[in-house]
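# Notes for the structure review
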Amino acid sequence: MFETRTSTVPITKEMVKAAYRKVKANHGAAGVDKESLEMYQADLLNNLYVLWNRLSSGSYFPKPLRSVSIPKSNGKQRTLGIPTVSDRIAQQVIKSYLEPRLEAQFHNNSYGYRPLKSAHQAIEAVQENVRQYAWVVDMDIKSFFDEVDHELLMKALERHVEEKWIKMYILRWLETPVQQIDGTVTPKKGKGTPQGGVISPLLANLFLHYVLDKWIEKHYPRVAFVRYADDVILHCHTEEEAKQLLEAIKLRLAECKLSLNEGKTKLVYCQDYRRVKKKSFGKKFDFLGFTFKPYPVPSKRDGGGMFLGYGCAISQSAQTRIIRGWAKLNWHRRSNLSIQEIAVQVNLQMKGLIRYYGKFRLQELRRLMWHFEFRLVKWVLNKYKKFKDSYTKGYQWIKELKRSYPTMFYYWTIFKHV
């Protein structure tokens, strides 16, 4: 359909160099050719020239994707398709060229993988909506990235892209087979845009822009929604409206060759002090690592007191994932490490998770920090046998260290007492 080669592809050397700089900044693993970024850089100018020559002449063809499985918070595996370094750069060239055009079309309520948009902004939007809307449809699209229909996606692309060379390359990427861990190569069957590709989030946003965003805006203008990639929260005023919307979405997704994960999709009643109690519906939902549910909130009125609000804090599944990650590092058993080496090893991650999860209800992270400090005490007891496995003495040692070096661990600067 778009496989006609062209000699007028307007890709410049500077576009390829700029794409390389972005790919380098994002790091990433090697593809099927096992060539890392460091290896690619060993002959950088020649590699970039070859890639530019092929892209600009229409003779560029991507290598198969390398299949990689990573654990999900629910214990299952998520499959990624990792392109080679060269293919990531090529995808970045097209993404940078195309993104401004598509960005001008995307809905304001779409936040995932977009310039000047963030997960925190999406969460803030949901927080604002639950104050105004009592009902939530927490929807989960079943295996979205594996099920995106190529024909429908290319149809959406046609609305905004006239250049045949762009459509040619995007179709080649969509049809790129996947090489499994055992070496077998699995061809595509007209669907899927694997997570792991540079251009996949942009294509996914375009697809869902027409499948959901525009459709909701046209047919359900009273409904508010927040979408972060394929994570979607819809807000309704009444139970009846929420039920009708859910049934309509099932039909809409079926039209677009998608379906809901029935086990994860649910209606939620956002109970707070203003709303009557309802026992037949759940009152919490998760979004981007946070749990939204009723929380006691201090009153700012004279006399103080508490009232029932509805907000968010770090989810239990996110905490479990972080704690398991700390356990896998196994540094609490390595008595050869110094306390300074442990701090260097964990502080960057600690800073990132506190800045992300501490944005809302920071004090809810205390339990998580307690888990970390407990592991730190276990290291103390392995390191200093004179304490004879006394946790009391281990905690006292940490307490005295905090007094002398209060900034050694990042979380010590945030939480004075854990």
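Residues numbered from 1 in each chain as written. Predicted model: local features only at pLDDT ≥ 70, side-chain atom pairs only at ≥ 80, totals over all residues. Heavy atoms only, no water.

Another aspect to go through is the overall build of the protein. Check the secondary structure of the protein and you find 15 helices and eleven strands. The dimensions of the protein, computed from C-alpha atoms along their principal axes, are 75 × 60 × 40 Å. For the protein, the proportion of its 418 residues judged to be buried stands at 48%. Taking the intrachain contacts of the protein between residues at least 6 apart in sequence as the baseline, contacts between residues at least 24 apart amount to 69%. Distance between charge centres in the protein, computed from 70 positive and 40 negative side chains, equals 8 Å. (Helix = DSSP H or I, 4+ residues; strand = E, 2+ residues; numbered from the N terminus. Buried < 20%, exposed > 50% of the residue type's maximum accessible area, 1.4 Å probe, protein only. Contact = heavy atoms within 4.5 Å. Lys, Arg positive; Asp, Glu negative; His and termini not counted. Charge placed at Lys NZ, Arg CZ, Asp CG, Glu CD.)

Taken together, the side chains of Y273, F307 and L308 define a hydrophobic patch exposed on the protein surface, amounting to about 290 Å² of accessible area. Since its relative accessible area comes to 33%, F307 is described here as partly exposed. (Patch = residues over 30% accessible without salt bridge, like charges linked within 9 Å, V, L, I, M, F, W, Y side chains within 5 Å. Areas by Shrake-Rupley, 256 points an atom, 1.4 Å probe, with all protein chains shown as cover. Salt bridge = Lys/Arg side-chain N within 4 Å of Asp/Glu carboxyl O.)

This part is about the environment of R366. Note on placement: R366 falls in helix α13 (residues 366-383). Taking the C-alpha atoms as reference, R366 lies 6.0 Å from V418; in sequence the two are 52 residues apart. The residues touching R366, leaving out its near neighbours within four places in the chain, are F415, H417 and V418.

Now for the sheet that holds strand β9 (residues 285-287). Strand order in the open sheet formed by three strands is β9-β10-β11, and the pairing between neighbours is antiparallel. Each end of this open sheet is capped by a strand with a single partner; those strands are β9 and β11 (306-314). The mean inter-strand angle of the sheet, taken between neighbouring strand axes irrespective of direction, is 50 degrees. As defined by bridge partners, β9 adjoins strand β10 (residues 290-298) across three bridges and the pair is classed as antiparallel. Bridged to F287 within β10 is F290. Of the strands in this sheet, β9, β10 and β11 touch helix α11 (residues 316-329), which is tilted by about 40 degrees from β11. (Pairing = 2+ DSSP bridges. Axes fitted to C-alpha atoms, helices over the stretch in contact; angles between N-to-C directions.)

Here helix α9 (residues 200-219) spans 27 Å end to end across 20 residues, near enough to the 28 Å set by a 1.5 Å rise per residue. For α9, the principal kink sits at H209 and spans about 50 degrees. The element α9 is largely enclosed, with a buried count of 16 among its 20 residues. (Expected span 1.5 Å × (residues − 1). Bend = angle between axes of the 7 residues up to and from the residue.)

This paragraph deals with the sheet that holds strand β6 (residues 224-228). Pairing is antiparallel across the open sheet formed by four strands, whose spatial order is β6-β7-β3-β8. The strands lining the two open edges of the sheet, one partner per strand, are β6 and β8 (266-269). Strand-to-strand, the axes of this sheet are offset by a mean angle of 20 degrees, without reference to chain direction. Direction of pairing for strand β3 (residues 135-140) relative to β8: antiparallel, over a ladder of four bridges. Pairing of V136 across the sheet is with V268, part of β8. Lying on the sheet, helix α10 (residues 239-255) is in contact with β3, β7 (231-236) and β8; it crosses β3 at an angle near 20 degrees.

Closest axis-to-axis distance for the α13/helix α14 (residues 391-404) pair is 9 Å, and the angle between their directions is 105 degrees. Comparing their axes, α14 and α13 come out roughly perpendicular. Contacts between α13 and α14 involve W370, E373, F374, L376, V377, K378, W379, V380 and L381 from the first element and Y391, G394, Y395, W397, I398 and K402 from the second. Per-class residue counts for the contact of α13 with α14 are eleven nonpolar, one polar and three charged. (Parallel < 35°, antiparallel > 145°, perpendicular 65-115°, else oblique. Nonpolar A, V, L, I, M, F, W, Y, C, P; charged D, E, K, R; others polar.)

Turning our attention to the pattern of salt bridges. In the structure shown here, the tally under the stated rule is 18 salt bridges. Two residues, E128 and R131, come together in a salt bridge whose shortest N-O distance is 3.1 Å. Of the two residues, E128 and R131 are both situated in helix α5 (residues 119-132); the distance of three residues between them amounts to about one turn of the helix. For E128, a relative accessible area of 38% gives the class partly exposed.

Below, the discussion takes up the packing of aromatic side chains. Scanning all chains against the criterion turns up 30 aromatic pairs. With 5.5 Å between their ring centres and 55 degrees between their planes, W331 and F372 make a pair best called tilted. Taken as a pair, W331 in the loop between α11 and α12 (339-357) and F372 in helix α13 lie far apart in primary sequence, 41 residues in all. Take W331: its relative accessible area is 0%, and that puts it in the buried class. A cation sits over an aromatic face here: K117 above Y111, 4.5 Å from the ring centre. (Phe/Tyr/Trp six-rings, centres within 6.5 Å; stacked < 30°, edge-to-face > 60°. Lys NZ or Arg CZ within 6 Å of the ring centre and 35° of its normal.)

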